[in-house]
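Spelled out from the first residue to the last, the chains are:
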Amino acid sequence: MDTETEMEPFDLGPACHEVARLLGGIKDDQLAGPTPCPDYAVREVLAHLVGLTVAFRDAAAKKSGPTTDTPPDAALPVLPEDWREVLPRQLDELAESWRSPAAWEGGTRVGGVDLPGAVAGLVALNEVQIHGWDLARSTGQPYAPAEASLRASLAVLAPPPAAGSDEAGGSDEAGGSDGSDGPGGSGPAPDGVFGPPVEVPEDAPLLDRVIGLSGRRPDWRPGE
């Protein structure tokens, strides 16, 4: 991902709506169940979403404070009792906040990391989308993100071209690589629960390729 190029605002609405749809299918007795995030049960993934929807909403508004300065792995997230009411509302607020062109311009801060606004918006999409898959897989629900949203996640998660490659813009002298170390060359992603990429066949479905890049096995099931 070229972090120097201003990007057109991308609608987070479809990804947020798909995750909100899952919430009604999560039963109370599933909250303690395992997820693809080794240290997180279902309740912690939900709690993480509660926190990140606020953090990225405030990042869109360029707000500075505890919601944007605190790293996500500072403490194990705690799920509020009213999460069934709070999380759908915050998902809507997150999507709406990134519909402002100003959110994608200039810089912002989230998870204690400074990022270009355009990068933060795509990281927000990726966070919601990947953790939606976590919840769907953990609770046995279907999950069908929009193709455009998946391709945006692919751009965030795909490693940057190696310096000197054609995709990086030619030789090292041409300055193809910016040396950043996060997803897509955008700097460190503000999330403590993504792991190293898992190899997935090149002809695998787009969702599986995105999930593999996020450090998850696309065939993961509870109890495995």
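Residues numbered from 1 in each chain as written. Predicted model: local features only at pLDDT ≥ 70, side-chain atom pairs only at ≥ 80, totals over all residues. Heavy atoms only, no water.

## A closer look at helix α5 (residues 117-139)
- Under the 1.5 Å per step criterion, the end-to-end length of α5 is 33 Å for 23 residues, consistent within 8% with the ideal 33 Å.
- Of all 23 residues in α5, 23 are buried; the element is thus mostly enclosed. (Helix = DSSP H or I, 4+ residues; strand = E, 2+ residues; numbered from the N terminus. Expected span 1.5 Å × (residues − 1). Buried < 20%, exposed > 50% of the residue type's maximum accessible area, 1.4 Å probe, protein only.)

## Considerations on the environment of His48
- Note on placement: His48 falls in helix α2 (residues 42-60).
- Spatially, the C-alpha atom of His48 lies 8.6 Å from that of Leu76, the residues being 28 residues apart in sequence.
- A distance of 3.5 Å separates polar atoms of two side chains, one belonging to His48 and the other to Glu127. (Polar contact = N/O pair within 3.5 Å; in protein donor to acceptor, adjacent residues only side chain to side chain.)

## Here's the deal with helix α4 (residues 83-97)
- The terminal C-alpha atoms of α4, which comprises 15 residues, lie 20 Å apart, in line with the 21 Å expected from a rise of 1.5 Å per residue.
- Listing the buried residues of α4 in full gives Trp83, Val86, Leu87, Gln90, Leu91, Leu94, Ala95 and Ser97. In a view along the axis of α4, the buried residues occupy a sector of 160 degrees, so they form one face of it.
- Lining the buried residues of α4 we find α1 (13-23), α2 and α5. (Arc of directions from axis to C-beta. Contact = heavy atoms within 4.5 Å.)

## Side note on the pairing of strand β2 (residues 113-116)
- In β2, alternate side chains face the same way, and those of Val113 and Leu115 are buried while those of Asp114 and Pro116 on the opposite face are not.
- Alignment of strand β1 (residues 107-110) against β2, held across four bridges, turns out to be antiparallel. Each bridged residue has a counterpart across the sheet, and for Thr108 the counterpart in β2 is Leu115.
- Between β1 and the antiparallel strand that follows it, β2, lie two residues; Gly111 among them carries a positive phi value of about 60 degrees. (Pairing = 2+ DSSP bridges.)

## Here's the deal with the confidence of the model for the protein chain
- In the predicted model, the protein chain carries a mean pLDDT of 85, and 81% of its residues have values of at least 70.
- The low-confidence segment residues 1-6 (pLDDT under 50) makes 16 contacts with residues lying over four places distant or belonging to another chain.
- In the model, residues 167-193 has pLDDT below 50 throughout and makes 61 contacts with residues more than four positions away in sequence or in other chains. (pLDDT = per-residue confidence, 0-100.)

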